Amino acid sequence: MTLFLNCVLSLTDLIYRFCNNWFSIFCLYKNVIYKIKQKKQLIKNILITGSSGQDGKIILNKLLKKKNNLFLISRKKNKIPIRKNIKFLNINLNNKIKLNNFFLKNKIDVVLHLASNNPSFGQNSYKDHYLNNIKASKNLIEISTKTQKKIKIIFCSSSRIFQKKKGKVNEKSKVSSRDHYSRFRKIGRAHVWTPVTD
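Residues numbered from 1 in each chain as written. Predicted model: local features only at pLDDT ≥ 70, side-chain atom pairs only at ≥ 80, totals over all residues. Heavy atoms only, no water.

Asks: Help me understand the overall build of the chain, please; the structure alone is not making it clear to me.
Replies: The number of helices and strands found in the chain is five helices and five strands. Shown N-terminal to C-terminal, the secondary structure of the chain runs as helices and strands in the order α-β-α-β-β-α-β-α-β-α. Contacts in the chain between residues far apart in sequence, at least 24 positions, make up 60% of those at least 6 positions apart. (Helix = DSSP H or I, 4+ residues; strand = E, 2+ residues; numbered from the N terminus. Contact = heavy atoms within 4.5 Å.)

Here is the structure:
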């Protein structure tokens with residue numbers, strides 16, 4: 001009887017140790033998977049339009065120091081650095097089909113919208129500096145938010161929207177529409193997807 005009890009106790013202890021070891025292994029596995037997922041979440045997929053412009057270059061240099069996957073839309077491919085985490089996109093923002101296909105194929109966390117037709121000194125074209133800019137921005141906002149629910153969009157404006165031409169300005173400074181470009185920026189700042197008619 002004593003021998004039988006000892007055998008039962010030994011077997012019980014063996015089963016307990018076996019289960020305990022497997023439970024420890026399972027917990028360790030869960031912890032490793034959780035950490036891998038956390039790291040993946042920290043690496044963001046960021047789309048930057050107008051990445052070869054003045055502001056684009058500054059922001060790009062900052063983002064290159066962090067672990068992000070960067071998708072760049074720019075007119076000048078030769079000005080974009082070659083890196084494993086950088087992908088150049090030859091997409092016109094007025095091409096809805098290409099834009100839609102891109103967002104369907106790629107998970108994007110953040111859109112940083114810098115691209116626009118900027119007027120040179122003395123230029124003031126309704127079509128180039130207002131209408132085309134509004135349409136391109138509208139396409140980008142509508143398609144990205146339609147295809148990806150949790151996407152974050154940063155619409156960058158310009159100092160040209162402010163009434164004050166000299167000195168310091170901030171978000172609370174008064175704005176005005178002196179030309180078609182500043183009008184585009186002002187509308188974009190308030191409500192970029194405002195319906196546009198030809």
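What follows continues from the structure just given.
Asks: I would appreciate a short explanation of the layout of surface pockets in the present structure.
Replies: Empty space among the atoms becomes visible once a probe the size of a water molecule is rolled across them. By volume, the largest pocket amounts to about 870 Å³. Put simply, the parts of the chain that give the lining of the largest pocket at least two residues each are helix 2 (54-63), helix 4 (126-147) and helix 5 (180-191). Here the residues of the lining of the largest pocket sort into 10 nonpolar, 17 polar and five charged. (1 Å grid on protein atoms, 1.4 Å probe; cavity = no way out; pocket = protein on both sides within 12 Å on 5 of 7 lines; lining within 4 Å. Points joined across faces, edges and corners; volume = space filled by probe spheres on them. Nonpolar A, V, L, I, M, F, W, Y, C, P; charged D, E, K, R; others polar.)

Asks: Would you mind showing me how to read the nonpolar core here?
Replies: One finds Leu47, Phe102, Phe103 and Ile108 to be the most contacted residues of the largest nonpolar core, which totals 15 residues. Residue assignment for this core shows that the elements contributing at least two residues are strand 2 (68-73), helix 3 (96-105) and helix 4. Setting aside residues up to four positions removed in sequence, leucine 47 forms contacts with Phe71, Ile73, Leu89, Phe102, Phe103, Ile108, Val110, Val111, Leu112 and Leu140. By size, the runner-up hydrophobic cluster in this structure holds 12 residues, among which are Ile46, Ile48, Leu70 and Ile86. (Core = buried A, V, L, I, M, F, W, Y, C linked by side-chain atoms within 4.5 Å. Buried < 20%, exposed > 50% of the residue type's maximum accessible area, 1.4 Å probe, protein only.)

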